[in-house]
Amino acid sequence: MGRRKDGRQHLKFTRYPKRDAIRDYFPLPNEIFSLGLSTGEIAVYAYLMYCEDRKTFQCYPSYKTIGNAVGMSKNTVKKYVDRLIEKQLITAEPTSVYTQKGEKRNGNLLYTVRPIGDAVEYHYEQQMIRLECEMRCQAALKKLAEFDRKHGKSAV
C-alpha cells in the first residue's frame, strides 16, 4: 500500500489472484481438439493429464476418483477410458496391491498418457482407411449403375 500525492491511501486493485504458471496449471495439447473427441473423452483425458507425473507420464486414479472429478458415473468413466485407449491417447495396465493379511488384490489401473503425435497419426490413418473404403463403395455403385444402363435391368 502507498500514499497518493493528496495524502489518501492507495489500494492496489487486482481482479484475479496471482497464480504460478507451473504449479497452478497443467498442459493440454492443442491437437486434442482436432481428434474428434467427445466432451466426456476430453474431460477424462484432461483429468488424467492433471493427475499424471510429469516425468513418467503415469498416474493411477480409480474410476470413482475420475468420475467424482468430472461428474460422471464409474461406468461412464470406464467407457471413455476404453475409447481413449482405442484412440491411442492412453494405455492402461492393471496393478496389484497386497492387504495387511498378505492377500493379493486388484489395484487401480496404471494409466500412461501417450505422446499426442502418436494419437494424431493414428487418427489420420483411420480417416484414410474410411476414405478408401468409401471410394471403393462409390466405384462399385458406379459400376452397378453402368451395368443397369447397359443391360436395361437391375443388377441386384
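First things first, this report covers the structure right here in the doc. This is a predicted model, so every value here is computed, not measured.

Criteria and thresholds
Residues numbered from 1 in each chain as written. Predicted model: local features only at pLDDT ≥ 70, side-chain atom pairs only at ≥ 80, totals over all residues. Heavy atoms only, no water. Buried < 20%, exposed > 50% of the residue type's maximum accessible area, 1.4 Å probe, protein only. Helix = DSSP H or I, 4+ residues; strand = E, 2+ residues; numbered from the N terminus. Pairing = 2+ DSSP bridges. 1 Å grid on protein atoms, 1.4 Å probe; cavity = no way out; pocket = protein on both sides within 12 Å on 5 of 7 lines; lining within 4 Å. Points joined across faces, edges and corners; volume = space filled by probe spheres on them. Nonpolar A, V, L, I, M, F, W, Y, C, P; charged D, E, K, R; others polar. Axes fitted to C-alpha atoms, helices over the stretch in contact; angles between N-to-C directions. Parallel < 35°, antiparallel > 145°, perpendicular 65-115°, else oblique. Contact = heavy atoms within 4.5 Å. Salt bridge = Lys/Arg side-chain N within 4 Å of Asp/Glu carboxyl O. Lys, Arg positive; Asp, Glu negative; His and termini not counted. Polar contact = N/O pair within 3.5 Å; in protein donor to acceptor, adjacent residues only side chain to side chain. Core = buried A, V, L, I, M, F, W, Y, C linked by side-chain atoms within 4.5 Å.

1. Details of the pairing of strand E7 (residues 110–113)
Part 1: The alternating pattern of E7 places Leu110 and Thr112 on one face and Tyr111 and Val113 on the opposite face, and all of these are buried.
Part 2: Pairing analysis gives 2 bridges linking strand E3 (residues 58–59) to E7, with the strands arranged antiparallel. The residue of E7 that forms the bridge with Gln58 is Thr112.
Part 3: Direction of pairing for strand E4 (residues 90–93) relative to E7: antiparallel, over a ladder of 4 bridges. Bridged to Ala92 within E7 is Tyr111.

2. What about the layout of surface pockets?
Part 1: Counted as a void, the largest pocket has a volume near 160 Å³.
Part 2: Lining the largest pocket are Leu35, Glu86, Lys87, Leu89, Ala119, Tyr122, His123, Gln126 and Arg130.
Part 3: Counting residues per element, the lining of the largest pocket draws most heavily on helix H4 (residues 116–151), which supplies 5 residues.
Part 4: Within the lining of the largest pocket, the residues separate by chemical class into 4 nonpolar, 2 polar and 3 charged.

3. Digging into the sheet that holds E7
Part 1: Here we have 3 strands laid out as an open sheet, ordered E3-E7-E4, and antiparallel in their pairing. At either end of the open sheet lies a strand with only one pairing partner, and these are E3 and E4.

4. Details of the packing of helix H1 (residues 39–51) against helix H3 (residues 74–86)
Part 1: Contact pair H1 / H3: the axes reach a minimum separation of 9 Å and the direction vectors enclose 85 degrees. It follows that H1 is roughly perpendicular to H3 by the angle criterion. In this structure, H1 contributes Gly40, Glu41, Val44 and Tyr45 to the contact, and H3 contributes Tyr80, Val81, Arg83 and Leu84.
Part 2: The residue inventory of the contact of H1 with H3, partitioned by class, reads 5 nonpolar, 1 polar and 2 charged.

5. Structural notes on the pattern of salt bridges
Think of it this way: side chains of opposite charge can pair up when their charged atoms draw near.
Part 1: By the definition in use, this model includes 4 salt bridges.
Part 2: With a closest N to O distance of 3.2 Å, Lys87 and Glu41 form a salt bridge. Pair noted here: Lys87 is in the loop between H3 and E4 and Glu41 is in helix H1, with a separation of 46 residues, a long-range link.
Part 3: Given the relative accessible area of 1%, Glu41 is considered buried.
Part 4: For Glu103, the salt bridge is made with Arg105, and the minimal N-O distance between the two is 3.0 Å.

6. Side note on the side chain of Glu52
Part 1: Along the polypeptide, Glu52 turns up in the loop between H1 and E3.
Part 2: Here Glu52 occupies a buried position and makes no salt bridge, while the nearest side chain of opposite charge, Arg54, is found at 4.2 Å.

7. Examining the side chain of Thr112
Part 1: Mapped onto the elements, Thr112 comes out in strand E7.
Part 2: Residue Thr112 is classed as buried on the basis of its relative accessible area of 16%.
Part 3: At 3.2 Å, the side chain of Thr112 and the side chain of Gln58 are in polar contact.
Part 4: If we ignore the near neighbours within four places in the chain, the residues touching Thr112 are Phe57, Gln58, Leu89, Ile90, Thr91 and Glu93.

8. Observations regarding the nonpolar core
Part 1: Ranked by size, the top nonpolar core spans 22 residues in total, and within it Leu35, Val44, Tyr45, Leu89 and Ile90 carry the most contacts.
Part 2: Of all the secondary-structure elements, those providing two or more residues to this core are H1, H3, E7 and H4.
Part 3: Beyond its immediate sequence surroundings of up to four residues, Tyr45 is in contact with Leu28, Pro29, Ile32, Leu84, Leu89, Ile90, Val113 and Ile116.

9. Examining the environment of Lys78
Part 1: With respect to the helices, strands and loops of the structure, Lys78 is situated in helix H3.
Part 2: Residue classification places Lys78 among the partly exposed residues on the basis of a relative accessible area of 37%.
Part 3: Sequence separation between Lys78 and Tyr63 is 15 residues, and the spatial gap between their C-alpha atoms is 6.6 Å.

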